[in-house]
Structures are given as C-alpha cells and as structure tokens.
Amino acid sequence: VSLVQAQDKKPASPKVTVESPDKNIKVVYGQPSKKGRVIFGPDGSSSLEKYGKVWRTGANEATEVTFKTDVMFGGKMVKAGTYTLFTIPGEKEWSVLLNSTLGQWGAYEYEKIKGSDVAMVKVPVSMNKTPIEKLTITPANNSIAIAWDNMTVSDPVMKHG
C-alpha cells in the first residue's frame, strides 16, 4: 500500500477532540462504531468489552482528558492537567478512573500504571432506549458523559475554587 492510499482510507475509529462549553474540559478519544457488535457484556460472552475489566474508553490510544483548572472529580481534588481516562464497565455501575501516566495504547499496561491513578468515581448506568452507534464522550461544564450502544454514564466534574 502506498502512503497516498493509506492516507485516503478513513480510520475505522477516527480521533475526536471535544470541549466543554466553558472550555475547561477537553477530551481526545478514538471513536469506535458498534457495527452490529454486542459492546458490553459479562466475561465469557461475545461482547467487545467485558464487565469488570479495565477499558481504554475508546479505540487505539487510551482516552485523554485535560482540565484547564483544578477540579473535583468524584469528590477528589484533581490538579489542572492532562490525564488518561479509563473505565471499568459494569451492568449497573461503572468505575471511571483518571491516571497521570499518558501515552497509553489501550489499557494493556493498566496493571503496571494503576499506582498513578489520581481519582476514581463510581457512577450509575442509564440504559439508552435506542443503541448509540458511535462511542460518544460529551464534556459539559460540570460532567463528562460517556455513551455507547445501550449504556450511558455521567461523571461529575466540579470546578474547584
């Protein structure tokens, strides 16, 4: 494949950058599509992501979130800066983790870097009436919503000070 041909192909999971309306939160993630697959399910099922397993929350490189100011994330003070965002999907609730080690490909090295977690919050799952085809991460001024297939979670983020 020549370089020109490779550039013509749209990536299956394009890189998306989104910002909250107040520009305090920026999220960069690879956006996979459902493509008829079962996305979330128990271990042993044919689902793409398994309940209870750490997920990069996107495709390719692990998702990164940047806070322009210090924030409260899950009741913990988090300094302004860029963090890797991992999730552990569950049937009823997800754990959302912020980790200070950047440049991760997927969540494969998570066990080695979990010592650099800076915050974790457990959030309830809302079931979507209609499956969402593309993973969609939406930063609002006081939250980050993550929606894909039949599940949506929303993580509270409060500006500090």
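Right above here is the structure, for reference.
So, here's what we can say about the structure.

1. Section: the packing of aromatic side chains
Working step 1: Within the structure shown, the criterion is met by 7 aromatic pairs.
Working step 2: Each ring, one from F40 and one from W94, has its centre 5.2 Å from the other, and the planes form 65°; the classification is edge-to-face. On the criterion of sequence distance, the pair formed by F40 in strand β3 (residues 40-41) and W94 in strand β9 (residues 93-99) is long-range, its members being 54 residues apart.
Working step 3: By relative accessible area, which is 1% here, W94 ends up buried.

2. Comments concerning the sheet that holds strand β7 (residues 76-78)
Working step 1: Spatially, the 4 strands line up as an open sheet ordered β7-β6-β12-β11, and their pairing is antiparallel. Each edge of the sheet is formed by a strand with only one pairing partner; in this case those strands are β7 and β11 (126-139). For this sheet the average axis-to-axis angle between neighbouring strands, irrespective of direction, equals 45°.

3. A short note on the sheet that holds strand β10 (residues 117-124)
Working step 1: One open sheet accounts for 6 strands, arranged β1-β2-β5-β8-β9-β10; its pairing is antiparallel. Two strands lie at the open edges of the sheet, namely β1 (15-19) and β10, each paired on one side alone. Geometrically, the sheet is characterised by an average inter-axis angle of 25° between neighbouring strands, direction not taken into account.
Working step 2: Bridge count between strand β8 (residues 81-88) and β9: 5 bridges; the pairing is antiparallel. The residue of β9 that forms the bridge with F86 is L97.

The rules we used
- Residues numbered from 1 in each chain as written.
- Predicted model: local features only at pLDDT ≥ 70, side-chain atom pairs only at ≥ 80, totals over all residues.
- Heavy atoms only, no water.
- Phe/Tyr/Trp six-rings, centres within 6.5 Å; stacked < 30°, edge-to-face > 60°.
- Helix = DSSP H or I, 4+ residues; strand = E, 2+ residues; numbered from the N terminus.
- Buried < 20%, exposed > 50% of the residue type's maximum accessible area, 1.4 Å probe, protein only.
- Pairing = 2+ DSSP bridges.
- Axes fitted to C-alpha atoms, helices over the stretch in contact; angles between N-to-C directions.

Honestly, it's all geometry; don't read function into it.
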